[in-house]
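# Tertiary structure, described
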Amino acid sequence: MKSAAENLSPTRVKLTVEVPYEELKPSIDAAYKSIGSQIAIPGFRKGHVPSRIIDQRMGKGAVLQEAVNEAMPGLYAQAIEESAVRPIGQPEVEITEVPMEEGQTLNFTAEMDVIPDFTLPDLDGIAVTVDDVEVTDEDINTQLDALRTRFGTLVPVERAVGEGDFVSIDLSATIGEELIDEVSGVSYEVGSGNMLPGMDEALLGMTAGETKTFTAALAGGDRQGEDAECTVTVQSVKERELPELDDDFAQLASEFDTLDELKANVSEVALRGKKFEQGIQARDKILEHLLENVELEVPEGVVEAEVHAHLEGEGRLEDDEHRAEVQESTRRAMKAQFILDKLVEQDDVEVSQEEFVEYLIMQAQQYRMDPNQFAQAIDANNQVPAMVGEVARRKALAGVLDRAKITDASGNEVDLDELAPDEDEDVETVEVIDAVETGEEIESADAGEAAEPAQDDVATGEEQAAKA
């Protein structure tokens, strides 16, 4: 097989390929065998029909068409490998000549978008400035209030519903005369906004036993997006009662004996959180530096395909203003991926099993899924290679961050190594690794152990949306 690559643009390549008849012959023989097993010819057993008879009955063109269709993926892959191009997206293939007999060649062209060739700048000692770290009384009070909320209790009240109250409700949705769905005794925090749009406004001011209707677009199901008439009835109203902020609370909520000790610990945690934010800010600025200092074009065909799919999923194909926003963000994300993939290749970045599992657990937590279920989901959708690639990109960017010069707004050098975790391996990570190797279920940590009592009878937003 012969192939030649022609650069149509920095992001577009045309391959011209010639395949001798002899190389196509195994696929032609397989096509004869396949067709012969499917047709019935008097005097011949299925699978034993001579090639000349198949040519007479079906035409040799039909045989060659099946042979070429069967061989094309492998021929295309071979041409890609020989030409050392890096395609992205789907190729446009055109067959220009089919060999009708020995001595002739199969000729085809393939146009495709490709990852452009570009050069990375010097990555040593990139200078970035991040915000100063300062823990204020407001930061500490915010953390203490959040802790008090976790240990709050729900108490019944005889008054109208207010913001932040917890209500038990019956809810139904109809479109015309059709009842779409209904639920009873659902617990909901007013103001959380994680159910139907307009429901928070409807609930405010209602009292136990009162019923009200409002219109909202359905969040899921076969009628998703359609406006429905929703009826909500309040069964009961409760408010969260917070514990007093004293030594007794410190002993209840922590390992400390006094409120002062608890506050000191909260201050340390807040300080570490601020330093972690510095690290995030430094990482983002490093990526911004790379985006500004690397010259490369992105394949517009691939950009447009992704933008179209995105807008089609949102039902906003005609929204030109939103299209422009999505195009810009897609180009930026694609450029960042190309740069980080180049970093991975240049620095020979490899992803260990422990690093992959740690990232998997983090993603599972963000989606509020059990790590086992999340791992099964990404495996079923063939997303493991993509996730490994994402871990490699993060690791490559972290390598650049390690070599950067980071200072705060006051001119002080920032040492991100202070944020490194202890050497003791995370127990859950070890369990996941063992499960990957043995196929056993992961006994993940119970994320709800520290949940506040006030939340025990409150369904999550995802559960509510699924029900309504």
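Residues numbered from 1 in each chain as written. Predicted model: local features only at pLDDT ≥ 70, side-chain atom pairs only at ≥ 80, totals over all residues. Heavy atoms only, no water.

### Observations regarding the pairing of strand β1 (residues 2-9)
The cut-off we apply is this: Should DSSP find at least two bridges between two strands, the strands are taken to pair. The way it works is that DSSP assigns letters per residue, a run of H or I at least four long becomes a helix, a run of E at least two long becomes a strand, and they are numbered from the N terminus.
As paired strands, β1 and strand β2 (residues 12-20) are joined by seven bridges and run antiparallel to one another. When the bridges of β2 are listed, Lys 2 appears paired with Glu 18. What sits between β1 and β2 in their antiparallel hairpin is a turn of two residues.

### Considerations on the confidence of the model for the protein chain
Rules: Per-residue confidence from the predictor is reported as pLDDT, which spans 0 to 100. Residue contacts are counted whenever heavy atoms from the two residues lie within 4.5 Å of one another.
Across the protein chain, pLDDT averages 86, with 89% of residues at or above 70. The model gives residues 423-468 a pLDDT under 50, and that stretch makes 73 contacts with residues more than four places away or in other chains.

### Thoughts on the packing of helix α7 (residues 259-293) against helix α9 (residues 320-346)
Quick reminder of the rule: Angles run from 0 to 180 degrees between N-to-C directions of axes, and those axes are lines fitted to C-alpha atoms, restricted for helices to the stretch in contact. These descriptions rest on fixed angle ranges, namely under 35 degrees for roughly parallel, over 145 for roughly antiparallel, 65 to 115 for roughly perpendicular, and the rest for oblique. Residue polarity follows a fixed list, in which Ala, Val, Leu, Ile, Met, Phe, Trp, Tyr, Cys and Pro are nonpolar, Asp, Glu, Lys and Arg are charged, and the others, Gly among them, are polar.
Put simply, α7 and α9 touch, their axes get as near as 10 Å, and they point 100° apart. When the axis of α7 is compared with that of α9, the two are roughly perpendicular. Side by side, α7 and α9 meet where Leu 287, Glu 288, Leu 290 and Leu 291 of the first sit next to Arg 332, Lys 335, Ala 336, Ile 339, Leu 340 and Leu 343 of the second. A class-by-class count of the residues in the contact of α7 with α9 yields seven nonpolar, no polar and three charged.

### Focus: the pairing of β2
The pairing of β2 with strand β4 (residues 105-114) spans nine bridges and is classified as antiparallel. Looking across to β4, one finds that Pro 20 is bridged to Thr 105.

### Topic: the nonpolar core
General note: in soluble globular proteins, nonpolar side chains tend to be found buried as a group. Applicable threshold: What we call a nonpolar core is a set of buried Ala, Val, Leu, Ile, Met, Phe, Trp, Tyr and Cys residues that are connected through their side-chain atoms within 4.5 Å. Partly exposed residues are those whose accessible area sits between 20% and 50% of the maximum for their type, while under 20% is buried and over 50% is exposed, using a 1.4 Å probe and protein chains only.
In this structure, Ile 286, Ile 339, Leu 343 and Ile 406 are the most contacted members of the largest nonpolar core, which totals 34 residues. Those elements that provide at least two residues to this core are β5 (127-130), α7, α8 (300-314), α9 and α12 (384-403). The element that contributes the greatest number of residues to this core is α9, accounting for eight residues. Leaving out residues up to four positions away in the same chain, Ile 339 has contacts with Phe 118, Leu 120, Leu 290, Leu 291, Val 294 and Leu 296. Residues Val 17, Leu 24, Ile 35 and Val 49 belong to the second largest nonpolar core, which totals 32 residues.

### Observations concerning the environment of Gly 225
Along the chain, the position of Gly 225 falls in the loop between β9 (211-217) and β10 (227-241). Residues in contact with Gly 225, not counting those within four places in the same chain, are Ala 217 and Leu 218.

### Notes on unusual backbone geometry
The phi angle at Asp 348 is positive, at roughly 50°, despite the residue not being glycine. Looking at the element boundaries, Asp 348 is found in the loop between α9 and α10 (353-366). Accessibility expressed as a relative area gives 62% for Asp 348, which makes it exposed. The backbone phi angle of Arg 368 is positive, close to 55°, even though this residue is not glycine. With respect to the helices and strands, the residue Arg 368 is situated in the loop between α10 and α11 (371-380).

### Points about the pattern of salt bridges
As a reminder, the rule being used: What makes a salt bridge here is a side-chain nitrogen of Lys or Arg within 4 Å of a carboxyl oxygen of Asp or Glu, nothing more.
Counted according to the given criterion, the structure contains 23 salt bridges. A salt bridge links Asp 165 to Arg 159, with the shortest nitrogen-to-oxygen separation between them at 2.7 Å. In this structure, the salt-bridge partner of Arg 332 is Glu 288, at a minimum N-O distance of 2.6 Å. Residue Arg 332 is located in helix α9, and its partner Glu 288 is located in helix α7; the two are separated by 44 residues in the primary sequence. For Arg 332, a relative accessible area of 39% translates into the label partly exposed. Each of Arg 12, Glu 92, Glu 111 and Asp 113 takes part in one network of salt bridges that share partners.

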